[in-house]
Amino acid sequence: MGKGLIDYMNDCSTKDDLYKSLLPRTRTIHMNMYDEDISGTIETILSLTKNSLEQHQQPVNILIRTKSKSPISLKFPDHGLYSSVAAHQNSNRIAIMLNLLQTIQECLTSSTVKTNRDLFYSNVELYGKQVTVDRWINTIAQSLELTNARDNLNVIPAQKGLVFTTQEIRILTKGSEERINPYHSSLIPHMDQNSLCQIVPGRNATTRLLVLEKEAVYNQLVNDVQYSPSYYDDCIIVTGKGYPDFLTRLFLHKLQVSTTAIERWEIYTDADPYGVDIAMKYVQNVKEPCRCNKLVHRGVFLFQLMSNQRQQVQYLPMTQRDTAVATRILQRVTESNLPNMTTVQELQRQIFLQKKAEMNVMGRETYLGQK
Amino acid sequence: MSNVFISTANCGKAHNADIYGTSVCLPYTVTCSGDGTIKLWKNKLLDNELPKENVITQFVHRTGVHHVDTFYSVEKGGHELCIVSCVSFAGTIHFYQVDVKSGKVEAVDLLPSQDKKKSYWSLKWFKSDDQMVCHRLAATDVKGNTLVWRFHPFAQEFDEELAKKEEEKRAKRLARGQSVEDPSTNSENDEELKLQPHLKLHGEIPSVEPVFATCVGISHNGLVATGFANGSVVVSELSTLRRIHNFEGFGIQGIEQNSNTVRAVEFSPLGTLLAVASDSGSYGCVSLYETEYGERVGSLTVPTHSAQTSIGTFAHDGWVFGLSFNPTGEFLATCGYDSKVRIWDVKLRERVSTLNISAGDIEVEEDIMLQDENGESVKNPPVMDVKFINKGVRGGMGSETNEGLCCVCLDRSVRWFRAAGGS
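The residue numbering used here restarts from 1 in each chain and proceeds along that chain's sequence as written. In the order they appear in the text, chains get letters beginning with A and ligands get numbers beginning with 1. Totals for whole chains, interfaces and linings use every residue, but because this is a predicted model, local features are given only for residues with pLDDT of at least 70 and side-chain atom pairs only at 80 or more, for both listing and counting. The basis for every side-chain value is the complete set of non-hydrogen atoms in the structure, without hydrogens or water.

- Per an unreviewed UniProt entry, chain A goes by the name DNA topoisomerase (ATP-hydrolyzing) and belongs to Zygosaccharomyces rouxii.
- Quoted verbatim from the Cofactor (unreviewed entry) field of UniProt, the annotation for chain A is "Mg(2+)".
- According to UniProt, the comment filed for chain A under the heading Sequence similarities (unreviewed entry) is "Belongs to the TOP6A family." UniProt positions are given in the numbering used here, feature names are shortened, and annotations may be inferred rather than shown by experiment.

Take a look at the structure:
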C-alpha cells in the first residue's frame, strides 16, 4: 500500500518539504541542438515527449533555451504551486509548440516548403493569431540555434510586399532562377540569404528605387507608369504594406548589394509616428542582416505638405497614443550617438504641432519625378 | 508706440535644429531648440557686439526642448534671482539658476519629487508684484491637467493663506476703529533669510478627458488659462483652481478645415483680456475674450479683398504659433506659419504693422539658411514664437528707450526689433 497523506505529513517537517515530496516525478526534455540533422533533433524531442506521456505516464517539462537568461519551461500536465490559473494557458502553449514541431518535421521529411501563413491556417483554432505562430517559430529557431531560421525549418514568411519594376529583375536561389517581369506588379518572390539579385539594365542609365508605405499610393504610381512608361525614368517601386516583412527587407538588401547601381534610394511614409518608425525599420534594422542603409527617408513630412501644397491638405489631430508613441521613438532615436536629424526633426514637429497627415494627400508628381 | 519696427540685431543658425520658443527676461533672451539646448542671449549688447559672441549655451535634454520661460526678480534683501525653466520632448521640466554677474548657469531642482512623474508639455511663470501673493509656476501635461506651484525663493516659506487672513482681520479691526500694529514691523525682525528657491504644489486643475494641453497662461488678476489640442480653452481661478469659463472650439470633422488646435493663450498685462491663437484649417485665428464674464470680444482679422470687409476671419495665412502683449496692453504681437509677425491695436482690433521675415535678411551671410537638410526651402521661414520686449531691456541701436520685439524662426534664427522713433 502506498503512503497516505498523513505519512507524508509525518515525514516532512516543513510545508516546503511536503510540497516537494508531493511533486510528481517529471521528465525534463531540453530543447536544443544535439544532432547535426534538424529533422532528427525534432524527431527525438517528439518521441521523448510521446513516450513519456503515453508509456511512462510521466509528466514532461520541456525546457526551451532562449536568448534571455531563463529558459521557457512548458509543463504538461501542468502541476506545481499557483498553477491553476495558468494551467489552461500553459497546456495551450505546449500544444502549439508540439503542433508546430510536428508540422516542421513533416515539411522537413517531405522537403516541402510552407509559409507561416499556411501553418496558421492549418489550425486556426489552436493558434488564434498569426503572431503566435511567428513568435513560436522564432523561439524554436532560437532554441535550436539556427541563425537562418526560415531556410532551415522549411517555413518561410508569407509574401506581403509588392514590387513593380521597369527592368527585369532576376533572382538566383540555389541554382534556380526566378524572374520579376517588367511592367507588372507582383509579389516579392521568395529568396533566401544566399540568393543573388540581378537587374537587367534598361533603357536608361539611372534607376530610381521608391519604397512606399501604402499600397494605395503604390497602385496609383504603378498605374501611372504602366500607362505612360515613356514619361518616367526607370524605376523600381516597392511597398511593404505598412510594417515591412522580412522578405521585403531582404529583397531591398539584395538589391543594395547587387552590382547594378541604383542612383536614388527613396522611402515615403505617412507623416505620423508610425510612418517614421516604418522608415526606420527599413533603413536601420540592426537585428537582422537585411538592413538597407542606402534608403533615404524623403517624406512625407508635415512641413513638406504645408509648403509644397497650396491646396488644402487635411491634417489629422494626433491622439494621446500617437503622442506617446512619437515620444518613445524620439527617446529611442536620440539615445544613439548619431541620431538621424531628419527623423528627430520630424518627430519633434509632429509632437509640437500635434498633427499628422496621410501620404495619400501628396500629389503623385511629387513621388515620381518626370523625365 | 510707433507702428514701425526696425531690426536691431539678428542671428542666423542660432541653433542646430528648429527653434521652438523664446522668452525674454531682463538680462537675457532665452531660446530653446530641438537640438536639446537652451541659449541665453545677452540683452545689453553694445553697438559693435554680435549676439553670437555673447551667448551662453546650456545642454538640457537629448530629445530636444520645446517650451521655455524665465523668471527674473529681485527679492527681499536684494537677492537677484534669474531662473530659466524649460520642458523637453521627453516631458521633463528642467530648471537652471543663472548668476547674472558671472553668467554661470547651474541646474537646480525646484520641483517636488512626487510631481516629476508626469509628462509635461508647456509652462509659464507668474511674477507677483504683490507682497501678499506668492510667485507661481503653472505647467500643463500631455493628459490635459494643469498644475500650479507656489514659488518660494527662501527656505522660509511664506504662508499666503495665513497672510490673507491676517490682512482681513486687520482690515476688520481698522473698520471698527481699533488700533492695529503695523505688519511691517514684525517682518523686519525676521532672522537672516536663507536663499533656497523651491516650488510647492498649490494644486491641480484636472482635465475632464485626456486631451493634450498645448499652452498655459497666468494673469495678474488671478486667472489661469489652459489651451487644448481639441480647440477648447479653460479659464480657472488661481486661488481656488476652480474652472470659471470654458471656451469651446468649433470642431468640424471630415473637412480640410478640421483643425482647431489652440496653439497659444496670453493674458493682457492687467488680465482683463485673454488672447487665444487657434487653427482654422490651415489658417490661424486670434480671438479675444474678456475674462470677467467670459464673453468673446472679437477676433483679429486681416482684411482680404477690399479694405473694409473681411472675408476670411483669420489673422495669419498659416497657423499662429505665438502671442505677446506689449507691457501696456495696447498692442498684441502675433506670429505664424506664414513667416509674418503682425502687431495689432487691441482696442481697435486692427492690424497696425506687419513684419515679413525672410531668411535672406540675416546680417552675417554665412549664417543665412535658405533650405534645411531635406532640401525644403525655408526662404520664408515660419515664425515659431514672438515676444514683446520692455523698454530698457535690450541694448544697442537705440533699443534702450523703445519697446522691442524678439522672434524665432524656422531658419534657425533669432531676430530682435525695436519700435522706431523716440517715444
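Some words on the overall build of chain B
At step 1: Only DSSP runs of H or I covering at least 4 residues are called helices, and only runs of E covering at least 2 are called strands; the numbering of each starts at the N terminus. Helices and strands together make up the secondary structure of chain B, namely two helices and 28 strands.
At step 2: To get the radius of gyration, use the C-alpha atoms; to get the globule rule, take the number of residues to the power 0.38 and multiply by 2.2 Å. Taken over C-alpha atoms, the radius of gyration comes to 22 Å for chain B, in line with the 22 Å a tight globule of 423 residues would show.
At step 3: Its C-alpha atoms put chain B at 70 × 50 × 45 Å along the principal axes.
At step 4: Looking at the 423 residues of chain B, the share that counts as buried comes to 57%.
At step 5: All accessible-area figures derive from a Shrake-Rupley calculation using a 1.4 Å probe, and residue coverage is judged against the displayed protein chains alone. About 18600 Å² of surface is accessible on chain B, with carbon and sulfur atoms providing 49% of the total. Only protein chains enter the calculation, and the probe is 1.4 Å; a residue is then buried if its accessible area is under 20% of its type maximum, exposed if over 50%, and partly exposed in between.

Looking at the packing of helix H11 (residues 273–283) of chain A against helix H14 (residues 341–353) of chain A
All names here are of chain A.
At step 1: Where helices are involved, their axes are fitted lines through C-alpha atoms of the stretch in contact, as for all axes, and angles between N-to-C directions lie from 0 to 180°. The N-to-C vectors of H11 and H14 enclose an angle of 165°; their axes lie 10 Å apart at closest approach. With respect to H14, the axis of H11 lies roughly antiparallel. Crossing of H11 against H14: the hand is left-handed. When H11 is examined against H14, the residues Pro-273, Val-276 and Met-280 are found in contact with a partner set consisting of Thr-343, Glu-346, Leu-347 and Gln-350. Under this scheme an angle from 65 to 115 degrees is roughly perpendicular, one under 35 degrees roughly parallel, and one over 145 degrees roughly antiparallel; angles in between are oblique. Crossing handedness: left-handed means the near helix sits turned counterclockwise from the far one by under a right angle, and right-handed means the same turn made clockwise. By the convention used here, residues are in contact when the closest approach between their heavy atoms is within 4.5 Å.

Considering the sheet that holds strand E16 (residues 233–237) of chain B
All names here are of chain B.
At step 1: If you trace the four strands from one edge of the open sheet to the other, you get E14-E15-E16-E17, paired in antiparallel fashion. Each of the sheet's edge strands pairs with one partner strand only, and the pair in question is strand E14 (213–218) and strand E17 (243–247). Ignoring which end each strand starts from, the neighbouring axes of this sheet average 15° apart. Any two strands with at least two DSSP bridges between them are considered paired.

Focus on empty space enclosed by the protein
Residue and element names in this part refer to chain B.
At step 1: Two kinds of site are reported from a 1 Å grid over the protein atoms alone, namely cavities, where a 1.4 Å probe fits but cannot get out, and pockets, open sets with protein on both sides within 12 Å along at least five of seven lines, and residues are called lining when an atom falls within 4 Å of a point. Grid points are joined across faces, edges and corners, and a volume is the space filled by probe spheres set on the points. Scanning all chains against the criterion turns up five cavities of 30 Å³ or more.
At step 2: Empty space within the largest cavity amounts to approximately 400 Å³.
At step 3: In terms of lining residues, the largest cavity is bounded by 26 residues, among which His-67, Arg-263, Ala-264, Phe-321 and Asp-385 are the most central.
At step 4: Broken down by secondary-structure element, the contributors of at least two residues to the lining of the largest cavity are strand E2 (19–24), strand E6 (65–75), strand E10 (120–126), E14, strand E18 (262–267), strand E22 (320–325) and strand E26 (383–389).
At step 5: A total of five residues in the lining of the largest cavity trace back to one element, the largest contributor, which is E18.
At step 6: Residue classes follow a fixed rule: Ala, Val, Leu, Ile, Met, Phe, Trp, Tyr, Cys and Pro count as nonpolar, while Asp, Glu, Lys and Arg count as charged, and any other residue, Gly among them, counts as polar. Partitioning the lining of the largest cavity into residue classes produces 13 nonpolar, seven polar and six charged.

Digging into unusual backbone geometry
At step 1: A positive phi angle, near 60°, is found at Asn-154 of chain A, a position not held by glycine.
At step 2: Relative to the helices and strands, Asn-154 of chain A resides in the loop between helix H8 (149–152) and strand E5 (155–156).
At step 3: Despite not being glycine, Arg-412 of chain B has its phi angle at roughly 65°, a positive value.
At step 4: Structurally, Arg-412 of chain B is set in the loop between strand E27 (404–409) and strand E28 (413–419).

Thoughts on the packing of H11 of chain A against helix H13 (residues 320–335) of chain A
When two helices pack together, their arrangement is given by the angle between the helix axes and by the axis-to-axis distance.
Residues and elements named next belong to chain A.
At step 1: Contact pair H11 / H13: the axes reach a minimum separation of 9 Å and the direction vectors enclose 35°. When you trace H11 past H13, the crossing you get is left-handed. Contacts between H11 and H13 involve Pro-273, Tyr-274, Asp-277 and Met-280 from the former and Arg-321, Asp-322, Val-325, Ala-326, Ile-329, Arg-332 and Val-333 from the latter.

Description of the side chain of Asp-322 of chain A
At step 1: Here Asp-322 of chain A is to be found in helix H13.
At step 2: Sequence-distant contacts of Asp-322 of chain A, defined by excluding residues within four places in its chain, comprise Pro-273, Tyr-274, Pro-317 and Lys-356 of chain A.

Topic: a positive patch on the surface
At step 1: Excluding any residue in a salt bridge, patches collect residues exceeding 30% relative accessible area, merging like charges within 9 Å and nonpolar Val, Leu, Ile, Met, Phe, Trp and Tyr side chains within 5 Å. A pairing counts as a salt bridge when a side-chain nitrogen of Lys or Arg comes within 4 Å of a carboxyl oxygen of Asp or Glu. His is not counted here, nor are the chain ends, while Lys and Arg score as positive and Asp and Glu score as negative. In this description, the location of a charge corresponds to atom NZ of lysine, CZ of arginine, CG of aspartate or CD of glutamate. A surface patch of positive charge is lined by Lys-165, Lys-169, Lys-172, Arg-173 and Arg-176 of chain B.
At step 2: Structurally, Lys-169 of chain B is set in helix H1 (residues 160–175).

Focus: the interface of chain A and chain B
At step 1: Contact residues are listed per partner, giving 28 residues for chain A and 41 residues for chain B.
At step 2: Take the accessible area each of two parts loses on contact, using a 1.4 Å probe, and add the two losses: that sum is the buried area. The contact between chain A and chain B buries some 3000 Å² in all, and 52% of this surface belongs to carbon and sulfur atoms.
At step 3: Summed over the shared surface of chain A and chain B, the result is two salt bridges.
At step 4: Note that Arg-349 of chain A is salt-bridged to Asp-18 of chain B, the shortest N-O span being 2.5 Å.
At step 5: Contacts described as polar in this section are N or O atom pairs within 3.5 Å, which, within protein, must combine one atom able to donate a hydrogen with one able to accept it, while residues neighboring in sequence count only if both atoms come from side chains. Counting across the chain A and chain B interface gives 10 residue pairs in polar contact (both at pLDDT 80 or more).
At step 6: Elements with a minimum of two residues in the side of chain A that touches chain B: helix H12 (302–308), H13 and H14 of chain A.
At step 7: The leading source of residues in the side of chain A that touches chain B is H14 of chain A, at eight residues.
At step 8: In terms of residue class, the side of chain A that touches chain B is made up of 10 nonpolar, 14 polar and four charged.

Focus: the sheet that holds E26 of chain B
Sheet strands line up and pair through hydrogen bonds in the backbone, either parallel or antiparallel.
Residues and elements named next belong to chain B.
At step 1: Here four strands make up an open sheet; going across it, the order is E1-E28-E27-E26 and the pairing antiparallel. A single partner strand is all that each edge strand has here, and the edge strands are strand E1 (5–11) and E26. Going from strand to strand, the sheet's axes swing by 20° on average, the running direction of each strand aside.
At step 2: Summarising the sheet, E1 and E28 pair through six bridges and their orientation is antiparallel. Across the sheet, Asn-10 pairs through a bridge with Arg-415, a residue of E28.

Some points on the domain arrangement of chain A
Frequently, the measure chosen for interface size is the accessible area that the parts lose on association.
At step 1: Domain start and stop positions are those given by an automatic or database domain assignment. Per the domain assignment, the segments making up chain A are domain 1 (18–156) and domain 2 (162–368).
At step 2: The gap between the C-alpha centroids of domain 1 of chain A and domain 2 of chain A is 37 Å.

With respect to the confidence of the model for chain B
All names here are of chain B.
At step 1: In predicted models, pLDDT denotes the confidence assigned by the predictor to each residue on a 0 to 100 scale. Chain-level pLDDT for chain B is 88 on average; 92% of the residues reach the 70-or-more range.
At step 2: Per-element mean pLDDT across chain B ranges from 50 in helix H2 (residues 183–188) up to 96 in E2.
At step 3: In the predicted assembly, ipTM is 0.91 and pTM is 0.83.

Some remarks on H13 of chain A
Working note: α-helix, 3.6 residues per turn, so residues spaced by three or four point in the same direction.
Residue and element names in this part refer to chain A.
At step 1: In a regular helix each residue adds 1.5 Å, so 16 residues correspond to 22 Å; H13 covers 23 Å between its end C-alpha atoms and thus fits that length.
At step 2: Residues of H13 that are buried include every one of Asp-322, Thr-323, Val-325, Ala-326, Thr-327, Ile-329, Leu-330, Val-333 and Thr-334, and no others.
At step 3: Where H13 is buried, its residues meet H11, strand E15 (316–317), H14 and strand E16 (355–356). Expected helix span is computed as 1.5 Å times (number of residues minus one).

Re the environment of Gly-227 of chain B
Residues and elements named next belong to chain B.
At step 1: Examined against the element boundaries, Gly-227 turns out to sit in strand E15 (residues 223–228).
At step 2: Judged by its relative accessible area of 0%, Gly-227 falls in the buried class.
At step 3: In contact with Gly-227, not counting residues within four places along its chain, are Phe-212, Ala-213, Thr-214, Cys-215, Ser-232, Val-233, Val-262 and Val-265.

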